[in-house]
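In case you want the letters, here they are:
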Amino acid sequence: SDANRDKEQKTFMIIGETKKLISGYIKSYHQNKRKREIEYYLIDALYQASTLSEFLVLNEVLKNISESNYGALSEEFGIIHKDIKNGMSFEEALNKMSTRVGSKLVDRALSILTLGYSTGGDISKVLREVADDISKTYDSYRQRAAALVVEKITILAAGAFIVPILLGVMVS
């Protein structure tokens, strides 16, 4: 009947919307996981690049990092290396990476690196300074995250003890 058909349509609509919501959440989760992995390895890769750039040209440094074991960051450096080989400027390749990754930390590092490269500074020194700067920034992010975890645990623990006591006092 019409009532059953309406129920079926609503059920299918709810299932469809739930499926979209879950797939969006899963996509977002994987993007954030990839971003965190890139941020995690960024400092090590920049220090490696600063050391390598003392005796290798920039293109070889990028290739070396792309072949290192930095997970998604190595993939990104592989894309940069390929883009530059195909005629893209260094600055443009870094800007594309920054857009793809979508991380404020990575954007900050690549912006400083681009500025240092475009001014013609000693790239090895620029890479080392960027790595130092990002290391300090990343440490402050981790400290803030740890403080938030402690705050959440405190609130949950207080709620777990205070609410039952208040309810017990009110009931008795």
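What counts, and at which threshold
Residues numbered from 1 in each chain as written. Predicted model: local features only at pLDDT ≥ 70, side-chain atom pairs only at ≥ 80, totals over all residues. Heavy atoms only, no water. Helix = DSSP H or I, 4+ residues; strand = E, 2+ residues; numbered from the N terminus. Rg over C-alpha atoms; globule rule 2.2 N^0.38 Å. Buried < 20%, exposed > 50% of the residue type's maximum accessible area, 1.4 Å probe, protein only. Contact = heavy atoms within 4.5 Å. Areas by Shrake-Rupley, 256 points an atom, 1.4 Å probe, with all protein chains shown as cover. Lys, Arg positive; Asp, Glu negative; His and termini not counted. Charge placed at Lys NZ, Arg CZ, Asp CG, Glu CD. Patch = residues over 30% accessible without salt bridge, like charges linked within 9 Å, V, L, I, M, F, W, Y side chains within 5 Å. Salt bridge = Lys/Arg side-chain N within 4 Å of Asp/Glu carboxyl O. Expected span 1.5 Å × (residues − 1). Arc of directions from axis to C-beta. Phe/Tyr/Trp six-rings, centres within 6.5 Å; stacked < 30°, edge-to-face > 60°. Core = buried A, V, L, I, M, F, W, Y, C linked by side-chain atoms within 4.5 Å.

*Asks:* Can you walk me through the overall build of the protein in this structure?
*Replies:* Looking only at helices and strands, the protein has 6 helices and 0 strands in total. In sequence order, the secondary structure elements of the protein are arranged as α-α-α-α-α-α. Since a compact globule built from 172 residues should have a radius of gyration of about 16 Å, the 24 Å found for the protein marks it as more spread out than a globular shape. For the protein, with 172 residues in total, the buried portion stands at 28%. Taking all contacts inside the protein whose residues are at least 6 apart in sequence as the whole, residues at least 24 apart take part in 58%. Looking at the protein as shown, the accessible area adds up to about 11,600 Å², and 60% of this sits on carbon and sulfur atoms. Computing the positive centroid from 23 side-chain charges and the negative centroid from 22, the protein places the two 6 Å apart.

*Asks:* What should I look at first to understand a nonpolar patch on the surface in this one?
*Replies:* On the surface, a nonpolar cluster with roughly 860 Å² of combined accessible area is contributed by F161, I162, V163, I165, L166, L167, V169 and M170. Within the secondary structure, F161 sits in helix α6 (residues 123–171). Take F161: its relative accessible area is 59%, and that puts it in the exposed class.

*Asks:* Would you mind going over helix α4 (residues 90–101) with me for this structure?
*Replies:* Each α-helix turn comprises 3.6 residues. Residues three or four places apart therefore point the same way. End to end, α4 covers 17 Å across 12 residues, agreeing with the expected 16 Å (1.5 Å per residue, within 8%). Within α4, burial applies to F90, A93, L94, M97, S98 and V101. Projection of α4 onto a plane perpendicular to its axis shows the buried side chains occupying an angular sector of 140°, all on one side. Positive phi appears at G102, one or two residues downstream of α4, with a value of about 70°.

*Asks:* Can you walk me through the side chain of S50 in this structure?
*Replies:* Relative to the assigned elements, S50 resides in helix α1 (residues 2–52). By relative accessible area, S50 is classed as buried at 1%. Residues contacting S50, with those up to four places away along its chain left out, are S124, L127 and R128.

*Asks:* Honestly, the environment of F12 in this entry has me stumped. Any pointers?
*Replies:* Checked against the element boundaries, F12 lands in helix α1. By relative accessible area, F12 is classed as exposed at 61%. Considering only alpha carbons, one finds F12 and L167, 155 residues apart in sequence, at a separation of 42 Å.

*Asks:* Which parts of the structure should I look at to understand the packing of aromatic side chains?
*Replies:* Any aromatic ring pair is given by two values, namely how distant the centres are and how the planes are angled relative to each other. Scanning the entire structure with this criterion turns up 2 aromatic pairs. Here the aromatic rings of Y41 and Y70 are separated by 5.7 Å at their centres, their planes lie at 50°, and the arrangement is tilted. Of this pair, Y41 sits in helix α1 while Y70 sits in the loop between α2 (58–66) and α3 (72–85), placing them 29 residues apart in sequence. Members of the aromatic cluster, connected to one another through ring pairs, are Y40, Y41 and Y70.

*Asks:* Explain the nonpolar core here, please?
*Replies:* Side chains of a nonpolar character, in soluble globular proteins, are inclined to be buried together. Among the nonpolar cores identified, the biggest contains 33 residues, and L73, M97 and L113 are the most heavily contacted of them. Put simply, the parts of the chain that give this core at least two residues each are α1, α2, α3, α4, α5 (104–118) and α6. Once residues lying within four places of it in the same chain are set aside, the contact partners of M97 are L73, E76, F77, I80, V106 and L110.

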